[in-house]
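Chain and residue survey
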There are 2 protein chains.
Amino acid sequence: MTQGWVVVAGLGPGDDALVTPEVTAALAQATDVIGYIPYVARVAPRPGLTLHPTDNRVELDRAQHALDLAATGARVVIVSSGDPGVFAMASALFEALEARPDRHDTEIRILPGITAMLAAAARAGAPLGHDFCAINLSDNLKPFAEVERRLRHAARGGFAMAFYNPRSKSRPHQFGQVLEILRQECEPARLILFARAVSTPEERLTCVPLSEAQDSMADMRTVVIVGNEATRRVGRWIYTPRAVAP
Amino acid sequence: MTQGWVVVAGLGPGDDALVTPEVTAALAQATDVIGYIPYVARVAPRPGLTLHPTDNRVELDRAQHALDLAATGARVVIVSSGDPGVFAMASALFEALEARPDRHDTEIRILPGITAMLAAAARAGAPLGHDFCAINLSDNLKPFAEVERRLRHAARGGFAMAFYNPRSKSRPHQFGQVLEILRQECEPARLILFARAVSTPEERLTCVPLSEAQDSMADMRTVVIVGNEATRRVGRWIYTPRAVAP
């Protein structure tokens, strides 16, 4: 029996031109691909490859399944969108591994990808060109009070901010609270970028001052970037200067 | 005369298997490649391509040069390591553009890349698997008091942290101050990862508790990742769980 392995691979934001050769090579060697339905749908079927598309919110099941398959000799790629280490499947795999000491010698590789905030920033200019933070706004796995605490520290620390999972059908009102907190902490002219489905045919970018931001500007496929106080427009672009005045 | 353009492209951390096809395609179309000497050295010479390697700390000159070349019809790629939008050349290009309204109609594209912190995180496990921030520790362009303010807010907000440019010959002692601030804000067992030259033959990863961290563990080619209070080891990996307890 050949040695099995588990790779967690980032497919980037959507365009195949943003998939690294390292990830493409791993997919070519795989016997099994596991992941959320729309991500597995990006992998071309071929003889010898079994696709295991699963629904959302079963991350731990997927990770356990991957470890079990690898123990039988399978070469398993768990696909994530973006980068697997940013609010995606890598942490779930290590949670599953922690629960199974008998699997600790599994060969594992995490292959980075282009994460949504960096694809969005590139499309808009360079809004994350200075110190910044990334916050998952979903309260599935943390209380909203923790989101609020992080928002206020990020604003008071002068960080630009990128928000993942800003709004979903099950949390229609929470992003409005986020905007309200930002309005308490930041000036009305602060630039905020709504970047939807970057690098796909549905891509749409909207940049407004915080005073004009509406919670309806975000949905499940949107990453939101809030500039720092120096972020500004130049032509059709927005960017954050590299320097902070003393 | 054909229409010129400027692309700012991220070459990733070092391994060509981490360069996106989009970047490879832009380099194949370029007439001119501009950038810091070691990054330009990664681009293969060919007939019709002029390489313009320059020393460090001339980012604005490079950006102006690129805009000037594009105005004459050149197809210019400015190469950055990692992602051009993260402490790299994209912001410098927009600073140069801001100073030259007559160049505002230049065709510009920013092509994202695998930034050092995400390559390092992937190699070590998933230490940035929850909310995190990225801080440039260089005080070339901001006062150290601003670095300190951001460190304290990041720690108090519960963010994991990634530090770029932690230490250089011109700032040998500053990273020691950073460690001292972290020791004031975080518990001694907090995990800290020193990831040097990830994806190159010189790659070296070291993970220690904050109490054992030494400033000599970082140099110019190191990205430093500080976990949050839940970051822990599993087997040879470190990871940050996705959940925060209520």
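Scroll up a little and you will see the structure.
Below is a summary of the structure that appears in this document.

Another aspect to go through is the overall build of chain A. On a plain count of helices and strands, chain A comes out with 7 helices and 13 strands. Across its three principal directions, the C-alpha atoms of chain A cover 60 × 40 × 35 Å. Among the 246 residues that make up chain A, the fraction classed as buried is 60%. Pairs at least 24 residues apart make up 68% of the contacts formed inside chain A by residues separated by at least 6 positions. Put simply, chain A shows about 9,500 Å² of open surface, and 52% of that area lies on carbon and sulfur atoms. Considering chain A, the positive charge centre built from 26 side chains and the negative charge centre built from 27 side chains are found 5 Å apart.

Moving on, we come to the relation of the copies chain A and chain B. For these two chains of identical sequence, chain A goes onto chain B by a turn of 180° and a shift of 0.0 Å along the axis, with RMSD 0.0 Å. Expressed as a symmetry operation, the mapping of one chain copy onto the other fits a two-fold axis. Among all C-alpha atoms of chain A, that of A:Cys133 lies closest to the rotation axis, at 1.9 Å.

In this section: the nonpolar core. The biggest cluster of nonpolar side chains holds 50 residues, and the ones touching the most others in it are A:Phe163 and B:Phe163. With sequence-adjacent residues up to four places away left out, A:Phe163 is seen in contact with A:Ile135, A:Leu137, A:Leu151, A:Phe175, A:Val178, A:Leu182, A:Thr222, A:Val223, A:Val224 and A:Val226.

Next up on the list: empty space enclosed by the protein. Under the definition given, this model contains 4 cavities of 30 Å³ or more. Approximately 60 Å³ is the volume found for the largest cavity. Around the largest cavity, the lining residues are A:Asp15, A:Leu18, A:Ala119, A:Ala122, A:Arg123, A:Val198, A:Ser199, B:Glu22, B:Ile110 and B:Pro112. The biggest single contributor to the lining of the largest cavity is helix 5 (residues 116-124) of chain A, with 3 residues.

A few words now on the packing of helix 3 (residues 59-71) of chain A against helix 4 (residues 89-98) of chain A. Residue and element names in this part refer to chain A. For the pair helix 3 and helix 4, the least separation of the axes is 8 Å and the interaxial angle reads 65°. The handedness of the crossing between helix 3 and helix 4 is right-handed. Here Glu59, Leu60, Arg62, Ala63, Gln64 and Leu67 of helix 3 lie close against helix 4, whose contacting residues are Met89, Ala92, Leu93, Glu95, Ala96 and Leu97. Looking at side-chain class alone, the contact of helix 3 with helix 4 contains 8 nonpolar, 1 polar and 3 charged residues.

A few words now on the environment of B:Pro127. In this structure, B:Pro127 sits in the loop between strand 6 (125-126) and strand 7 (132-136). Sequence-distant contacts of B:Pro127, defined by excluding residues within four places in its chain, comprise B:Ala121, B:Ala160, B:Ile225, B:Thr231, B:Ile238, B:Tyr239 and B:Thr240.

Overall, mixed pairing links the 10 strands, which are arranged 10(A)-9(A)-11(A)-8(A)-7(A)-7(B)-8(B)-11(B)-9(B)-10(B) in an open sheet. The open sheet has two edge strands, strand 10 (204-209) of chain A together with strand 10 (204-209) of chain B, and neither has a second partner. Taken over all neighbouring pairs, the strand axes of this sheet differ in orientation by 15° on average, direction set aside. Running at roughly 65° to strand 11 (residues 222-226) of chain B, helix 5 (residues 116-124) of chain B makes contact with strand 7 (132-136) of chain A together with strand 7, strand 8 (160-164), strand 9 (191-196), strand 10 and strand 11 of chain B of the sheet.

Tallying each qualifying case throughout the model produces 12 aromatic pairs over all chains. Summarising the aromatic geometry, the rings of A:Phe87 and B:Phe132 are spaced 6.5 Å apart at their centres and angled 35° between planes, so their arrangement reads as tilted. Taken together, the positions of A:Phe87 in the loop between strand 4 (75-80) and helix 4 and B:Phe132 in strand 7 put the pair across two chains. We classify B:Phe132 as buried; its relative accessible area is 0%. A connected cluster of aromatic rings, assembled from ring pairs, spans A:Phe87, A:Tyr164 and B:Phe132. Between the NZ or CZ atom of A:Arg150 and the centre of the ring of B:Phe159, over which it lies, the distance is 5.9 Å.

Each turn of an α-helix holds 3.6 residues, which means side chains three or four residues apart point in the same direction. With 13 residues, helix 6 (residues 144-156) of chain B extends 18 Å between its outermost C-alpha atoms, agreeing within 8% with the 18 Å of an ideal straight helix rising 1.5 Å per residue. Those residues of helix 6 of chain B not exposed but buried are B:Phe144, B:Glu146, B:Val147, B:Arg150, B:Leu151, B:Arg152, B:His153, B:Ala154 and B:Ala155. Residues of helix 6 of chain B that are buried sit in contact with helix 6 (144-156) of chain A together with strand 7, strand 8 and helix 7 (174-185) of chain B. In the stretch just after helix 6 of chain B, B:Gly158 is the one whose phi turns positive, near 80°.

The next thing to look at is helix 4 of chain A. The buried fraction of helix 4 of chain A amounts to 9 of the 10 residues, a majority that puts the element mostly inside the structure. By the burial criterion, the buried members of helix 4 of chain A are A:Met89, A:Ala90, A:Ser91, A:Ala92, A:Leu93, A:Phe94, A:Glu95, A:Ala96 and A:Leu97.

This brings us to the sheet that holds strand 3 (residues 50-54) of chain A. All names here are of chain A. The strand order across the open sheet formed by 5 strands is 3-2-4-1-5, and the pairing between neighbours is parallel. If you trace the sheet from one side to the other, it starts and ends with strand 3 and strand 5 (107-111), each paired once. Along the sheet, successive strands turn relative to each other by an average axial angle of 15°, direction set aside. Bridge analysis of strand 2 (residues 32-36) against strand 4 gives 4 bridges, and the strand direction is parallel. Within strand 4, the residue paired with Val33 across the bridge is Val77.

With that settled, consider the pairing of strand 4 (residues 75-80) of chain B. Residues and elements named next belong to chain B. Here strand 4 lies mainly inside the structure; 5 of its 6 residues are buried. By the bridge criterion, 6 bridges tie strand 1 (residues 5-10) to strand 4 in an arrangement that is parallel. Bridge pairing in strand 4 places Val6 opposite Val76.

We now examine the interface of chain A and chain B. If you look at the interface, chain A gives 69 residues, while chain B gives 69 residues. Of the roughly 5,800 Å² buried at the junction of chain A and chain B (both faces included), carbon and sulfur atoms supply 62%. If you look at where chain A meets chain B, you find 10 salt bridges. Residue A:Glu95 pairs with B:Arg242 through a salt bridge whose shortest N-O separation is 3.0 Å. The greatest single-element share of the side of chain A that touches chain B, amounting to 7 residues, is contributed by helix 4 of chain A.

Conventions we followed
Residues numbered from 1 in each chain as written. Chains lettered and ligands numbered in written order. Predicted model: local features only at pLDDT ≥ 70, side-chain atom pairs only at ≥ 80, totals over all residues. Heavy atoms only, no water. Helix = DSSP H or I, 4+ residues; strand = E, 2+ residues; numbered from the N terminus. Buried < 20%, exposed > 50% of the residue type's maximum accessible area, 1.4 Å probe, protein only. Contact = heavy atoms within 4.5 Å. Areas by Shrake-Rupley, 256 points an atom, 1.4 Å probe, with all protein chains shown as cover. Lys, Arg positive; Asp, Glu negative; His and termini not counted. Charge placed at Lys NZ, Arg CZ, Asp CG, Glu CD. Least-squares fit on C-alpha atoms with pLDDT ≥ 70 in both. Core = buried A, V, L, I, M, F, W, Y, C linked by side-chain atoms within 4.5 Å. 1 Å grid on protein atoms, 1.4 Å probe; cavity = no way out; pocket = protein on both sides within 12 Å on 5 of 7 lines; lining within 4 Å. Points joined across faces, edges and corners; volume = space filled by probe spheres on them. Axes fitted to C-alpha atoms, helices over the stretch in contact; angles between N-to-C directions. Left-handed = near helix turned anticlockwise from the far one by under 90°. Nonpolar A, V, L, I, M, F, W, Y, C, P; charged D, E, K, R; others polar. Pairing = 2+ DSSP bridges. Phe/Tyr/Trp six-rings, centres within 6.5 Å; stacked < 30°, edge-to-face > 60°. Lys NZ or Arg CZ within 6 Å of the ring centre and 35° of its normal. Expected span 1.5 Å × (residues − 1). Buried area = accessible area lost by both parts, 1.4 Å probe. Salt bridge = Lys/Arg side-chain N within 4 Å of Asp/Glu carboxyl O.

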